[in-house]
Amino acid sequence: MSAMDFIIGGLAGAGATIFTNPMDVVKTRLQLQGELRSRKEQPRQYRGLFHGLYVIAKADGVLALQKGLTPAVVFGFCMNSVRLGTYHAAEVQGWTQSNGSVNVQKAAFWAGASGFMSGLVANPMSVVKTRLQAAAHPSVAVGRQHMYTGTIDALMKIYKTEGFRGFFAGVHASCLRLAIGSSAQLTTFSIAKETLLSHGISTNSRLCLAFLPSALSGAVVSAVICPFDVVTVRMYNQGTSSKGDLMYKGVFDCLKKILKTEGVYGLYKGFGPLYLRIAPHTTLSLVIWDMLNITFEKKR
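As the structure is a computational prediction, the values presented were derived from the model and not from experiment.

Enquirer: Explanation requested: the pattern of salt bridges in the structure shown.
Expert: When charged atoms on two side chains of opposite charge get close, those side chains can pair. Per the counting criterion, the structure on display carries 10 salt bridges. Residues Asp229 and Arg177 are paired through a salt bridge, measuring 2.6 Å at the closest nitrogen-oxygen approach. Of this pair, Asp229 sits in helix α7 (residues 206-238) while Arg177 sits in helix α6 (residues 171-198), and the two are 52 residues apart along the sequence. Each member of the pair Asp229 and Arg177 is classed as buried. Overlapping salt bridges bring together Asp24, Lys27, Lys129, Arg177, Asp229 and Arg277 as one network.

Written as structure tokens, this is what we have:
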């Protein structure tokens, strides 16, 4: 296990984030819209992905589509350096295989474990990112509005008002989401890549060999993690409190309340932009990750 494994993973995640952040902004707004209200009672400032992009650009300017980009890039680097770095190290050591082939259970375990660890490391930046993305002009504001002027200001105010534990608001939901999502993503990627190689497909194009499995894994992970993504965003945005006046007491309380008031629909809010963020993000990050690993291994 080398430091380069983690640097490569971090660069892959950070690079992909730059292109997919606007989808993340819209997704966050859609997931906070109509919080704990029945579908009939919910306001509709954002009627979907493209309407959301239009409304945000009109109310707050085009640059608002890149709100939270700085913490998003730092989050992408920290999260993926741990997640992809740990998983790649496990692959190199043969811990994801049995008899020379990918073992689904072993790959899922290491992918899930790496995702869980990445959630702990990257949670502070994810909290900041979510709150900055949620902040909007009063005419299109949804959810709790946190008044931060930027990343540093957010870090200072969170520490001042919520203490150190404020950086770990929603950490249980985040770790669960990343463990499940990473398990689905990296296991699917490894198996799909091995299947293509075993059938002699894309053996002459390393880029294509990375692109096809990553595109498939993006679709799988989007369907799996959407409910946990909604829960994570809600818990990040509500913050922390010692007075017991929070909307949600934990992951399962949040899931229960969303199902009770918003129905299954509530757990899949923002699925469109989530997919359009995760699918290209997964594809870009895994392609970059695979290409960097190949380049680095050639120089060894």
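Enquirer: Where do I start with helix α4 (residues 104-134) in this structure?
Expert: Quick reminder: α-helices carry 3.6 residues per turn. Residues three or four places apart thus point the same way. In this model α4 runs just 38 Å from its N-terminal to its C-terminal C-alpha over 31 residues, more than 12% under the 45 Å that 1.5 Å per residue would give. A maximum bend of about 60 degrees is found in α4 at Ala122, where proline Pro124 lies one to four positions downstream. If you check the start of α4, you find a side-chain oxygen 3.0 Å away from the backbone N of Gln105, and it comes from Asn103.

Enquirer: Help me out: how do you make sense of a nonpolar patch on the surface in this one?
Expert: Where nonpolar side chains cluster on the molecular surface, the patch consists of Leu259, Val264, Tyr268, Phe271, Tyr275 and Leu276 and spans about 510 Å² of accessible area. Contributions of two or more residues to the nonpolar patch are made by α8 (251-267) and α9 (271-299). It is α9 that provides the largest number of residues to the nonpolar patch, a total of three residues. Given a relative accessible area of 37%, Tyr268 falls into the partly exposed group.

Enquirer: Teacher, can you tell me more about the packing of aromatic side chains here?
Expert: Any two aromatic rings considered together are summarised by their centre-to-centre distance and by the angle between their planes. Taken as a whole and judged by the stated rule, the model has five aromatic pairs. With centroids separated by 5.6 Å and ring planes inclined at 50 degrees, the aromatic side chains of Phe164 and Phe168 adopt a geometry described as tilted. Phe168 gets classed as partly exposed once you look at its relative accessible area, which sits at 28%. Site record: aromatic cluster; members linked through ring pairs are Trp95, Phe109 and Trp110. Against the face of Tyr265 rests Arg39, its NZ or CZ located 3.9 Å from the ring centre.

Enquirer: In this structure, what is going on with the environment of Thr96? I would like to understand it.
Expert: With respect to the helices, strands and loops of the structure, Thr96 is situated in the loop between α3 (69-92) and β1 (97-98). Separated by 14 residues in sequence, Thr96 and Trp110 have C-alpha atoms that sit 7.1 Å apart. Contact partners of Thr96, with chain neighbours within four places excluded, come to Tyr87, Ala90, Glu91, Ser101, Val102, Asn103, Lys106, Ala107 and Trp110.

Enquirer: What is the right way to look at the UniProt feature "repeat: Solcar" (unreviewed entry) in the protein in this model?
Expert: Summarizing the sequence annotation, UniProt attributes the feature "repeat: Solcar" (unreviewed entry) to residues 4-93, 102-195 and 205-295 in the numbering used throughout. Taken end to end, residues 102-195 has its terminal C-alpha atoms 10 Å apart, with 72% of it in helix and 1% in strand.

Enquirer: Is there a simple way to think about the packing of α4 against α6 in this case?
Expert: The relative placement of two packed helices is expressed as an angle between their axes plus a distance between the axes. For the pair α4 and α6, interaxial distance at closest approach is 7 Å and the crossing angle is 140 degrees. As summarised for this structure, α4 and α6 are arranged oblique, according to the angle between their axes. When you trace α4 past α6, the crossing you get is right-handed. Within the contact between the two elements, α4 uses Val104, Ala107, Ala108, Ala111, Gly112, Ser114, Gly115, Phe116, Ser118, Gly119, Leu120 and Asn123 and α6 uses Val171, Ser174, Cys175, Leu178, Ala179, Ser182, Ser183, Leu186, Thr187 and Ile191. Residues that form the contact of α4 with α6 fall into these classes: 12 nonpolar, 10 polar and no charged.

Enquirer: When you look at the side chain of Ser126 in this model, what are you seeing that I'm missing?
Expert: Note on placement: Ser126 falls in helix α4. Using a relative accessible area of 5% as the deciding quantity, one classes Ser126 as buried. Within the structure, Ser126 has its side chain in polar contact with the side chain of Tyr236 (distance 3.3 Å). Not counting residues within four places of it along the chain, the set of residues in contact with Ser126 comprises Phe75 and Tyr236.

Enquirer: How do you make sense of the nonpolar core when you look at a structure like this?
Expert: The biggest cluster of nonpolar side chains holds 17 residues, and the ones touching the most others in it are Val26, Leu32, Tyr46, Leu49, Leu53, Ile56 and Val140. Put simply, the parts of the chain that give this core at least two residues each are α1 (3-32) and α2 (49-60). A per-element tally of this core places α1 first, with five residues. Excluding residues that lie within four positions of it along the chain, Val140 makes contacts with Gln45, Tyr46, Val55, Ala59 and Asp60. Listed in part, the 11 residues of the second largest apolar core include Ala12, Val102, Ala111 and Phe189.

Cut-offs applied
- Residues numbered from 1 in each chain as written.
- Predicted model: local features only at pLDDT ≥ 70, side-chain atom pairs only at ≥ 80, totals over all residues.
- Heavy atoms only, no water.
- Salt bridge = Lys/Arg side-chain N within 4 Å of Asp/Glu carboxyl O.
- Helix = DSSP H or I, 4+ residues; strand = E, 2+ residues; numbered from the N terminus.
- Buried < 20%, exposed > 50% of the residue type's maximum accessible area, 1.4 Å probe, protein only.
- Expected span 1.5 Å × (residues − 1).
- Bend = angle between axes of the 7 residues up to and from the residue.
- Polar contact = N/O pair within 3.5 Å; in protein donor to acceptor, adjacent residues only side chain to side chain.
- Patch = residues over 30% accessible without salt bridge, like charges linked within 9 Å, V, L, I, M, F, W, Y side chains within 5 Å.
- Areas by Shrake-Rupley, 256 points an atom, 1.4 Å probe, with all protein chains shown as cover.
- Phe/Tyr/Trp six-rings, centres within 6.5 Å; stacked < 30°, edge-to-face > 60°.
- Lys NZ or Arg CZ within 6 Å of the ring centre and 35° of its normal.
- Contact = heavy atoms within 4.5 Å.
- UniProt positions renumbered as here; feature names shortened; annotations may be inferred.
- Axes fitted to C-alpha atoms, helices over the stretch in contact; angles between N-to-C directions.
- Parallel < 35°, antiparallel > 145°, perpendicular 65-115°, else oblique.
- Left-handed = near helix turned anticlockwise from the far one by under 90°.
- Nonpolar A, V, L, I, M, F, W, Y, C, P; charged D, E, K, R; others polar.
- Core = buried A, V, L, I, M, F, W, Y, C linked by side-chain atoms within 4.5 Å.

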